[in-house]
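# Overview (structure and organization)
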Amino acid sequence: MAYGITNESQIIDLNTIISGCNQYKEAISALDKSGSIIREAGETCNEKALSVDGKTLESTIIQIGTELERLKLTLQGYADQVISDATQVYNAQVAELKAYQESLNNNN
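Since this is a predicted model, take the numbers as computed values, not measurements.

To continue, consider the overall build of the protein. Within the protein one finds 2 helices and 0 strands. Burial status across the protein gives 19% buried among its 108 residues. Long-range pairs, those at least 24 residues apart, make up 76% of the contacts in the protein with a sequence separation of at least 6.

Structure (structure tokens):
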């Protein structure tokens with residue numbers, strides 16, 4: 001894919017993208033901690049602690065905690081993919097700029 005890069009200022013700022021994705025991943029790390037706390041709460045809401053007609057919310061609450069932990073992994077995967085895609089674009093743009101500069105030098 002051609003990006004039309006003729007100047008270094010046109011190249012994406014890979015470091016900023018990586019930094020932003022890492023900050024995003026750090027922020028979603030709370031999902032893992034929250035999921036764990038919710039699972040623990042679910043284990044507490046067993047038949048002895050909280051039941052109506054012998055039924056509890058234990059498995060439902062544990063499932064919610066587990067889903068939060070899985071969501072964290074999914075969201076981290078998205079951030080990792082953004083970093084991977086941005087790195088590919090960055091490398092292609094740098095190569096394009098280099099080729100452009102070499103063509104200018106060869107024409108002189």
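Having seen it, we continue.
Next up on the list: the pattern of salt bridges. Tallying each qualifying case throughout the model produces 4 salt bridges. For Glu69, the salt bridge identified is with Arg39, shortest N-O distance 2.9 Å. Placement of the pair is Glu69 in helix α2 (residues 58-107) and Arg39 in helix α1 (residues 14-44), with a sequence separation of 30 residues. For Glu69, a relative accessible area of 15% translates into the label buried. A residue is classified by how much of its surface remains accessible, and Arg39, at 25% relative accessible area, is partly exposed. Close ionic contact of Arg70 with Glu67 constitutes a salt bridge, the shortest N to O distance being 2.7 Å. Separated by 3 residues within a single helix, Arg70 and Glu67 lie in helix α2, roughly one turn from each other. When its relative accessible area of 39% is taken as the criterion, Glu67 is described as partly exposed.

Attention now moves to the side chain of Gln93. Structurally, the position occupied by Gln93 is in helix α2. Overall, the relative accessible area of 5% leaves Gln93 in the buried class.

Moving on, we come to α1. For α1, built from 31 residues, the straight-helix expectation of 45 Å at 1.5 Å per residue is met to within 8% by its first-to-last C-alpha distance of 46 Å. When we look at burial in α1, the residues that qualify are Leu14, Cys21, Lys25, Ile28, Gly35 and Gly42. Along its buried surface, α1 packs onto α2.

Here α2 contains 50 residues, and its C-alpha end-to-end distance of 74 Å stays within 8% of the 74 Å for a straight helix at 1.5 Å per residue. Taken together, the buried positions of α2 are occupied by Ile61, Gly65, Glu69, Lys72, Leu75, Gln76, Ala79, Ile83, Ala86, Gln93, Glu96 and Leu97. Residues of α2 that are buried sit in contact with α1.

Let's shift gears to the environment of Ile17. Within the secondary structure, Ile17 is located in helix α1. Taking the relative accessible area as the measure of exposure, Ile17 reaches 27% and is therefore partly exposed. Taking C-alpha positions, Ile17 is 7.5 Å from Ala86, a pair spaced 69 residues apart along the chain. Residues in contact with Ile17, not counting those within four places in the same chain, are Ile12, Val82 and Ala86.

Parameters and conventions
Residues numbered from 1 in each chain as written. Predicted model: local features only at pLDDT ≥ 70, side-chain atom pairs only at ≥ 80, totals over all residues. Heavy atoms only, no water. Helix = DSSP H or I, 4+ residues; strand = E, 2+ residues; numbered from the N terminus. Buried < 20%, exposed > 50% of the residue type's maximum accessible area, 1.4 Å probe, protein only. Contact = heavy atoms within 4.5 Å. Salt bridge = Lys/Arg side-chain N within 4 Å of Asp/Glu carboxyl O. Expected span 1.5 Å × (residues − 1).

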